[in-house]
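Given next are the chains, with one letter for each unit.
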Amino acid sequence: MPEDNRSDGTRVLQPEMGGGNQSVRPPESPVVPDDIQPAQILSPDDVETAELPGELGEPTIAMPRVPTGATPTARLPRTVPPPQRPGYVPPPPTPPSRGGMAGVPRQWGRILVRSFFVVVVIVVLLFFLAAATSVVGYVYIASQLPPPEELQTRQTAFVSSKIYDREGNLLYEVIDPQGGRRTKVSLSEVSLYLIQATIATEDRNFYTHPGFDPIAIIRAVYYNLSERRIVSGASTITQQLARNVLLTPEERVQETTWRKIKEIILAAELTRTYRDRDKILEIYLNELYYGNLAYGIQAAAETYFGVDAADLTLAQASFLAGLPQSPATYDPFGGGHDLALSRQEDVLALMVETGYINQAEYVQAAAEMHNYEFKTPQLDLATAPHFVVYVRQWVEQRYGADILYRIVDVGDEKLYGLRVYTTLDPHLQAQAEQAVREGVAALADRDATNGALVALDPATGHILAMVGSADFNDEEIDGQVNVALRCRQPGSSIKPLTYAAAFEHGWTPATLMWDLRTEFPDGA
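Conventions used here
The numbering scheme is per chain: residues are counted from 1 as the chain's sequence reads. Reporting in this predicted model follows two pLDDT cut-offs: at least 70 for local features of residues, and 80 or more for side-chain atom pairs to be given and counted; totals over whole chains, interfaces and linings ignore these cut-offs and use all residues. The basis for every side-chain value is the complete set of heavy atoms in the structure, and neither hydrogens nor water enter the calculation. Only Phe, Tyr and Trp rings take part, Trp by its six-membered ring, and two of them pair if their centres are within 6.5 Å. Stacked means planes under 30 degrees apart, edge-to-face means over 60, and tilted covers everything else. Working definition: helices are DSSP H or I runs of at least four residues, strands are E runs of at least two. Numbering for both runs from the N terminus. Remark: exposure states derive from per-residue accessible area (1.4 Å probe, protein chains only) relative to the maximum for the residue type, with buried under 20%, exposed over 50%, and partly exposed in between. When DSSP finds two or more bridges between a pair of strands, those strands are recorded as paired. Axes here refer to lines fitted to C-alpha atoms; in helices the fit is confined to the stretch in contact. Angles between the N-to-C directions go from 0 to 180 degrees. We define a salt bridge as a side-chain nitrogen of Lys or Arg found within 4 Å of a carboxyl oxygen belonging to Asp or Glu. His residues and chain termini do not enter the charge count, which takes Lys and Arg as positive and Asp and Glu as negative. Whenever two N or O atoms come within 3.5 Å, that pair is a polar contact, provided that in protein one can donate a hydrogen and the other can accept it, and provided that, for residues adjacent in sequence, both atoms are side-chain atoms. The contact criterion used throughout is that any non-hydrogen atoms of two residues lie within 4.5 Å. Handedness of each helix crossing follows the sense of rotation of the near helix against the far helix: counterclockwise by less than a right angle gives left-handed, clockwise gives right-handed. For this classification, Asp, Glu, Lys and Arg are treated as charged, while Ala, Val, Leu, Ile, Met, Phe, Trp, Tyr, Cys and Pro are nonpolar and the rest, including Gly, are polar.

A.B. asks: Honestly, the packing of aromatic side chains in this entry has me stumped. Any pointers?
C.D. replies: The geometry of two aromatic rings is summed up by the distance between their centres and the angle between their planes. All chains considered together, the criterion is met by 13 aromatic pairs. Taken together, a centroid distance of 4.8 Å and an interplanar angle of 10 degrees make the contact between Tyr164 and Tyr421 stacked. One end of the pair, Tyr164, is in strand S4 (residues 161-164); the other, Tyr421, is in strand S10 (residues 419-421), and 257 residues separate them in sequence. Looking at Tyr421, the relative accessible area reads 56%, which means it is exposed.

Take a look at the structure:
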């Protein structure tokens, strides 16, 4: 619409089509009191707003715009807020309607906060409920299991007894026919290499966990679920000991979750009862089965290498530490030689990983065992067999057979087998055996087939040599029968003793002896 400005400040709007000129004068400005500054010049847009009611100094109340139609911008949004009179107080903000869309975000926020609070409360309650259930279940199951204090009394009952000659050489090891070779030793009598190899292989966190390893258990559960079968047990040394000693033989072979729970609880109780982890490790090493009737590390060291447990080298210790996993599979005497060497390298690698040895020691120990020649252990009677049987029978008659095979109480202490040191001279024994063989051979044309010999120390009566037959393993002559202990006519062999007794009584070679029948009162 065209616009015509006049000199008095009024505007005349010219219609674009039709009609005549029509002038529109804005409303006259209100009278301004003297004590108030003159108002600013109003824009055309402000002219369209009606006069605000109320007194000066009172809060301005927002009123809807009243368009007059004087300008084409009456219905357009304002770009500049209207001027504020002195003393203007803005009205308080109008809260959004609860029924409209403005209240939806706040309502959802409150729902989320309340839901989160409820979830937290439920989780906390479930946690305490699970904790309480676990404690009650733990106490109940622990009460149904053997007390950990019985660990030492429930150890393997059989032991071995050993018979030595006067120089300390082993003549024979008496083993339980229902068990095997077993010699109990303390942890201080075991090579450090063997201790480190065992811990690295079986339970590297042995000295830090509470008897069971939670991380290993989670890992085993994952593997078992992935394979849908039991491929890993994650049993610590303490768990293995609890299973082998405190559980029944039937329970030991079970592969169930219930048995694993029992193991864990027993292991935790053992750790709580036996604060000294070395004691648990000592019992464990004396209980392990290493194959070839060798129970315990001492018997294993003697069976495979002919040395004491304290003298095991790194190569020997790493070899033995790998056997308990599957003694039959890794038997070097029964076709498992290569598998046993591979297993030894696995043990050495674990020792490197745990920091016990370095790579150079690994290579050297592996090479040493590859060049080692294993000798089948001799468990039969090879040296002085008749004398060994004689000593064994004497001990059984005097103390009972159990003392040779079982752990027995002697006062306040326990006796783990016997160490019998005899008076046998190994050199004289070898000479005596050779003399008997040669003597029987020399009399073969006279139908002599057997012979015996006993050598005594006249000053002490000690037996220095004993040969009971020409060949202990010859069944045709009943070689296992000790002819030296049988009631036979002594013949002329008794004459020197008879003459010596006569001379001690003052008789001489000229003394007259009457050839008369004589009866001896003992019936001999």
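A.B. asks: Just to check I follow, could you spell out the sheet that holds S10 for this structure?
C.D. replies: In a beta sheet, neighbouring strands pair by backbone hydrogen bonds and run either parallel or antiparallel. Pairing in this open sheet of 3 strands is mixed, and the strands run S5-S4-S10 from one edge to the other. What marks the edges here is a single partner per strand, and that holds for strand S5 (170-174) and S10. Each strand axis lies, on average, 15 degrees off the axis of its neighbour in the sheet, ignoring direction. Strand direction decides the pairing type here: S4 and S10, joined by 3 bridges, are parallel. What sits directly across from Ile163, in S10, is Val420.

A.B. asks: How do you make sense of the pattern of salt bridges when you look at a structure like this?
C.D. replies: For side chains bearing opposite charge, pairing can occur when the charged atoms are close. Scanning the entire structure with this criterion turns up 10 salt bridges. We note a salt bridge from Glu269 to Arg272, for which the minimum N-O separation is 2.5 Å. Here Arg272 and Glu269 lie together in helix H7 (residues 257-273), a separation of 3 residues that amounts to about one turn. Residues joined by salt bridges that share partners form a network here, namely Lys162, Glu173, Arg181 and Glu302.

A.B. asks: What am I meant to see in the side chain of Asp331 here?
C.D. replies: Tracing the chain through its elements places Asp331 in the loop between helix H10 (314-321) and helix H11 (337-354). Of the side chains bearing the opposite charge, Arg181 lies closest to the buried Asp331, which forms no salt bridge; the N-O distance is 12 Å. At a separation of 2.9 Å, a polar atom in the side chain of Asp331 contacts the side chain of Asn292. The residues contacting Asp331, other than those within four sequence positions of it, are Asn292, Gly336 and His337.

A.B. asks: Mind showing me how you'd approach H10 here?
C.D. replies: Quick reminder: α-helices carry 3.6 residues per turn. Residues three or four places apart thus point the same way. Among the 8 residues in H10, 8 count as buried, and that is most of the element. Listed as buried for H10 are Leu314, Ala315, Gln316, Ala317, Ser318, Phe319, Leu320 and Ala321. The inward-facing, buried residues of H10 abut helix H3 (192-202), helix H9 (297-305), H11 and helix H12 (359-370).

A.B. asks: Even after reading the chapter, I still don't get the packing of H3 against H10, so can you show me in this structure?
C.D. replies: Helix packing geometry: the angle between the two helix axes and the distance between the axes. Running from N to C, H3 and H10 point in directions that differ by 35 degrees, and their axes come no closer than 8 Å. The handedness of the crossing between H3 and H10 comes out as right-handed. Mapping the contact onto sequence places Tyr193, Leu194, Ala197, Thr198, Thr201 and Glu202 in H3 and Leu314, Ala317, Ser318, Leu320 and Ala321 in H10. Considered class by class, the residues forming the contact of H3 with H10 number 7 nonpolar, 3 polar and 1 charged.

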